[in-house]
Each structure stands twice: as C-alpha cells, then as structure tokens.
Amino acid sequence: MRKAIVLYSNLWATVLMLVLFAATSLTGSHAPESSRVISGLQHLQGRVIILDPGHGGGDPGTVGVGPTTEAENVLAIAWELKGMLERAGAEVIMTRQNDQSPAHGTVYASQQNGQLASRVATANRSHGQVFISLHNDWHDNSSVQGTSVRYYKSQDLALAEALQAALVRKLGTVDLGVQRSNFYVLRNTNVPAALVEIGFLSNPQEAARLAQPTYRLEAARALLMGINDYFAEF
C-alpha cells in the first residue's frame, strides 16, 4: 500500500509540472529586468570599446573640493562601464586598470608625454572601434557645473554628440555641449574618439556626487546608453 501511495503522489507531481509548463508556454513569462535591459543594447554585441580612465599613479588629475580625486572617480566609473559593456556582448580594452600610470613599465615611461603616448599606443595597436577618455573638470568659479564632451577629428563628432546627449538626459546635469578641443589623445587616436568631462570637481555639489558609488553607477549607465546610441547609427 505504501508503494502505491508513493507512485500516486509522483504521478500527480508530474501532471502538475506539465500543467504549469503548458500555462507558461501559452501565456508567456516576464523576463527579468536584466534581460530586458540587455535586449535593448543589441548594438553593442561584438563591438570593441577602448576605455581610457584619465590620469593615475603619480598624476591624480584634478584634486577638487570633494573627498576623491579625478583619477579615482573615473577609474571607478570605467570599471562599472566595463562590466555593463561586457554583459551586453562587447569587448573592452582599458588603458589602465588600477591607480598606476599606463606608461609604467613601458617604453613610454621616460617620455615627457609618456602617459598620453601610452594611452594612444594602446588604442592604435588594438582592434578597438571607439576610444572614450573619462575625466572630471575644473573651473576657477566654483558655481560652474555641468557636462561636456570634447572631440577633435570630424569622425569623432557623432560619438561625442551621442555621449553628451545620453549623459545630460540620464544625469540631469547642465548641458555644456560638445566642444572641439586639440587634446593629445583625441588628435593622435586613429579611431573615433571622445573625451568626456562628466562634472566639475571645483563645484561642491558635483564633487560630492562624483564621490558616491551610486552616482558613478548612473554615469556608467549613461555612457552605456550613449555608446549604444552611437553604434545604432554606425
């Protein structure tokens, strides 16, 4: 009798599983949020992005009125963005992965512009499709705030515009526009390149935000959207 009861129980469990499977097939199921997000980033699949967190090592970049330096802020954002891009199917090349000059231990270490030359060399010898350099800004007037993206070559403009639009839309920062600038990394990089000034470390509000992990995460998400928007057109 005990054996019959066990068999009977197993039979009903099997029937129940089949009913649930059929119901799921007919009505569909809701994909998790992460799956829906990734499905909207199909333009990143197979792309190769070079991320360039500015400064590092003995060069902290801007040391503003907040608790963190430019080099620290942009490296944290770059790591967040790297993970997002890879989950969307992109390949990411970083010019530095820690608080160290990218020229350290290379033939560029003793050169005057060695740190910049090393970044450009990483970009130009790679199979990257875009180069994005991450920075924080400074102004003598501490009330100045906002986001801008710099470009130099005509092939850079569309990338700069896509990044600027996404950052301002996502972060709600003051739109300081896209500006042409004769920066070393923009001038010498072969692929479309943009230099992003996410916010001002001379402004107390923006300096405080840029030190927060949640804000860095939002900045990375905004950049992710901008890169995806760019590749949707190219």
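Residues numbered from 1 in each chain as written. Predicted model: local features only at pLDDT ≥ 70, side-chain atom pairs only at ≥ 80, totals over all residues. Heavy atoms only, no water.

Draft legend 1. The arrangement of the overall build of the protein chain in detail. Scanning the protein chain from terminus to terminus reveals eight helices and six strands. Counted from the first residue to the last, the protein chain has its helices and strands arranged as α-α-β-α-β-α-β-β-α-β-α-β-α-α. In the protein chain, which comprises 234 residues, the proportion classed as buried is 45%. Within the protein chain, contacts between residues separated by at least 24 positions form 80% of all contacts whose residues are at least 6 apart in sequence. Of the accessible surface of the protein chain, which amounts to about 12100 Å², a share of 56% is contributed by carbon and sulfur atoms. (Helix = DSSP H or I, 4+ residues; strand = E, 2+ residues; numbered from the N terminus. Buried < 20%, exposed > 50% of the residue type's maximum accessible area, 1.4 Å probe, protein only. Contact = heavy atoms within 4.5 Å. Areas by Shrake-Rupley, 256 points an atom, 1.4 Å probe, with all protein chains shown as cover.)

Draft legend 2. Spatial organisation of the confidence of the model for the protein chain. With 83% of its residues at a pLDDT of 70 or more, the protein chain shows a mean pLDDT of 88. Counting contacts from residues 1-9, a segment whose pLDDT is below 50, to residues more than four positions away or on other chains yields zero contacts. This model gives residues 11-37 a pLDDT under 50, and the stretch forms three contacts once residues within four places in sequence are excluded. (pLDDT = per-residue confidence, 0-100.)

Draft legend 3. Broad picture of the packing of helix α5 (residues 157-171) against helix α8 (residues 213-233). One way to put it is that α5 packs onto α8 with a least axis distance of 8 Å and a crossing angle of 140 degrees. As summarised for this structure, α5 and α8 are arranged oblique, according to the angle between their axes. In this structure, α5 meets α8 at a crossing whose hand is right-handed. Seen from α5, the contacting residues are Ala158, Leu159, Ala162, Leu163, Ala166, Leu167, Arg169, Lys170 and Leu171; seen from α8, they are Tyr215, Glu218, Ala219, Arg221, Ala222, Leu223, Met225, Gly226, Ile227, Asp229 and Tyr230. Residue classes in the contact of α5 with α8 are distributed as 14 nonpolar, one polar and five charged. (Axes fitted to C-alpha atoms, helices over the stretch in contact; angles between N-to-C directions. Parallel < 35°, antiparallel > 145°, perpendicular 65-115°, else oblique. Left-handed = near helix turned anticlockwise from the far one by under 90°. Nonpolar A, V, L, I, M, F, W, Y, C, P; charged D, E, K, R; others polar.)

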